[in-house]
Amino acid sequence: MSIYRISARKGKEILQKSAACLISCVRLASSEPGLREVLAAKIPIEKERIKNFRKQHGSFKMGETTIEMMYSGMRGIKALVTETSVLDPEEGIRFRGLSIPDCQKMLPSADGGEEPLPEGLFWLLVTGDVPTKAQVKQISREWAARASLPQHVVTMLNNFPATLHPMAQFSAAITALNHDSKFAKAYAEGVQKSKYWEYVYEDSMDLIAKLPVVAATIYCNTYRHGKGSIAIDSNLDWSANFVKMLGYDDPMFTELMRLYLTIHSDHEGGNVSAHTVHLVGSALSDPYLSFAAGMNALAGPLHGLANQEVVIWLQKLQTEIGEDPNKDDLRAYITKTLESGQLVPGYGHAVLRKTDPRYICQREFALKHLPDDGLFRLVSNIYKVAPPILQKSEKIKNPWPNVDAHSGVLLQHYGMKEINYYTVLFGVSRALGVFSSLIWDRALGLPIERPKSLSTDTLMQMVQK
């Protein structure tokens with residue numbers, strides 16, 4: 001068997017080298033430039049043309065939208081309706097009108113706990129009402145009852161190589177769960193449009209229930225050599241079951257996970273993962289396929305993957321200037337990072353113009369439960385010195401920390417050192433927000449999204465007119 005594997009690998013290498021050699025020979029044999037060469041010549045010309053156009057006419061308006069908005073990631077374009085949460089640049093996130101401190105005070109907590117239960121936030125996002133403790137316990141029991149995975153998904157997860165990124169495993173498993181989509185089956189049978197939301201609701205409840213099992217299986221297979229108990233306890237809440245399946249038993253880690261899964265759940269509709277789920281869902285793709293698309297979006301380094309980028313940067317900082325650097329050394333390192341053309345990970349936000357409230361509540365958790373943690377002290381000191389340095393840059397509109405600046409530090413403290421896994425936790429949480437919205441998208445009968453796009457030549461012609 002091992003001889004076959006070696007032969008297959010060698011054969012693959014030979015084929016790859018042969019293909020590369022053949023491509024080179026084809027290029028050399030032709031007197032005309034190839035597609036790659038033509039494209040490489042055109043790119044710098046087009047970049048310069050668009051750069052000059054934006055500089056001269058960026059403020060030109062197409063209705064309420066400027067040309068600069070169209071080129072800069074649609075920043076500031078008001079084009080989506082999302083009922084579940086609103087992000088104010090100065091005030092921060094509000095879930096159905098409630099701030100994070102409001103949610104911490106008003107949403108039910110576990111017996112003996114202090115942090116809000118994600119089940120309560122889901123109820124709030126779906127209905128707009130603050131649930132009772134009994135209603136939250138009802139959701140916990142229902143999710144526990146829906147949590148088991150079909151065997152084909154378990155088999156697939158167990159056969160993934162440990163080298164496959166956890167987010168790739170997560171997305172693939174979610175896609176495979178679409179085999180049991182109630183919405184897809186009902187649609188194929190011709191269900192009335194007015195009843196779409198009922199089946200989207202059922203799929204959403206099923207998938208939210210199963211996500212911790214999928215995520216815990218990935219964690220145990222990738223980092224625990226398949227060891228771990230993937231079993232649901234109907235007497236535990238959603239977060240407690242998740243932590244137990246991950247193999248942790250610290251009650252404070254469970255409390256942290258309740259807070260983490262609550263505050264990462266929703267961030268209005270324009271962020272990449274939420275918008276992706278909404279967009280794909282508008283085509284009436286079932287909730288499994290829509291959410292898998294959103295998770296592929298979350299896996300990007302400019303979105304959900306940023307939390308692990310922060311930890312990597314902190315570890316590199318400690319390697320270069322020491323584990324407990326003074327403020328002058330931190331200022332010098334941050335300045336060096338910026339001068340090298342890199343960003344300071346965990347700082348800045350597309351919408352916010354103040355410290356992210358999600359950063360603040362995690363900081364308050366750390367001050368209460370792990371004030372002497374070395375990595376937390378480092379993050380706190382960076383919080384004191386980084387904003388003034390970042391404020392000096394004309395390119396940086398928000399010099400304040402965001403949620404990613406803190407989340408990895410807390411996970412590190414409780415022993416979860418595997419930074420590649422952090423975005424999976426983010427994904428489990430994000431399900432609460434995007435499915436709340438998706439249920440309402442179908443209840444309101446929102447149509448397929450199809451915004452109009454224009455070419456640069458067309459924009460130039462419109463400016464001239």
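Per an unreviewed UniProt entry, the protein goes by the name Citrate synthase and belongs to Glossina brevipalpis. Check the Pathway (unreviewed entry) section of the UniProt entry for the protein; it says "Carbohydrate metabolism; tricarboxylic acid cycle; isocitrate from oxaloacetate: step 1/2." What UniProt records for the protein under Subunit (unreviewed entry) is the sentence "Homodimer."

Structurally, Asp266 can be placed in the loop between α12 (251-263) and α13 (272-282). Arg430 provides the closest opposite charge to the buried, salt-bridge-free Asp266, at an N-O distance of 5.4 Å. A distance of 2.6 Å separates a polar atom in the side chain of Asp266 from a polar atom in the side chain of Thr84. Separated by 2.7 Å, the side chains of Asp266 and Ser85 make a polar contact. With residues near it in sequence (within four places) discarded, Asp266 still touches Thr84, Ser85, Ile93, Phe95, Leu125, Arg430, Gly433 and Val434.

Pairing analysis gives 4 bridges linking strand β3 (residues 85-88) to strand β4 (residues 92-95), with the strands arranged antiparallel. Across the sheet, the residue bridging to Val86 is Arg94, located in β4. Turn length for the β3-β4 hairpin, with the two strands adjacent in sequence and antiparallel, is 3 residues.

Before going further, it helps to spend a moment on the layout of surface pockets. Roughly 280 Å³ of volume is contained in the second largest pocket. Around the second largest pocket, the lining comprises 14 residues; the ones closest to its centre are Asp111, Lys137, Asn235, Leu236 and Asp237. With 5 residues, the top contributor of residues to the lining of the second largest pocket is helix α6 (residues 133-145). The class makeup of the residues in the lining of the second largest pocket is 4 nonpolar, 4 polar and 6 charged.

Before going further, it helps to spend a moment on the pattern of salt bridges. Throughout the structure, instances matching the rule amount to 17 salt bridges. Linking Glu46 and Arg49 is a salt bridge whose minimum nitrogen-to-oxygen distance equals 2.9 Å. With a gap of 3 residues between them, Glu46 and Arg49 both fall in helix α2 (residues 35-57), about one helical turn apart. Overall, Glu46 belongs to the partly exposed group, its relative accessible area being 32%. Overall, Arg49 belongs to the partly exposed group, its relative accessible area being 28%. Of the charged contacts, one joins Asp356 and Arg358 as a salt bridge, the two residues approaching to 2.7 Å between their closest N and O atoms. Look at Asp356 and you get buried, because its relative accessible area is 1%. A single network of salt bridges, built from pairs that share partners, joins Glu142, Arg146, Lys182, Glu202 and Asp206.

How each quantity is defined
- Residues numbered from 1 in each chain as written.
- Predicted model: local features only at pLDDT ≥ 70, side-chain atom pairs only at ≥ 80, totals over all residues.
- Heavy atoms only, no water.
- UniProt positions renumbered as here; feature names shortened; annotations may be inferred.
- Helix = DSSP H or I, 4+ residues; strand = E, 2+ residues; numbered from the N terminus.
- Buried < 20%, exposed > 50% of the residue type's maximum accessible area, 1.4 Å probe, protein only.
- Lys, Arg positive; Asp, Glu negative; His and termini not counted.
- Salt bridge = Lys/Arg side-chain N within 4 Å of Asp/Glu carboxyl O.
- Polar contact = N/O pair within 3.5 Å; in protein donor to acceptor, adjacent residues only side chain to side chain.
- Contact = heavy atoms within 4.5 Å.
- Pairing = 2+ DSSP bridges.
- 1 Å grid on protein atoms, 1.4 Å probe; cavity = no way out; pocket = protein on both sides within 12 Å on 5 of 7 lines; lining within 4 Å.
- Points joined across faces, edges and corners; volume = space filled by probe spheres on them.
- Nonpolar A, V, L, I, M, F, W, Y, C, P; charged D, E, K, R; others polar.

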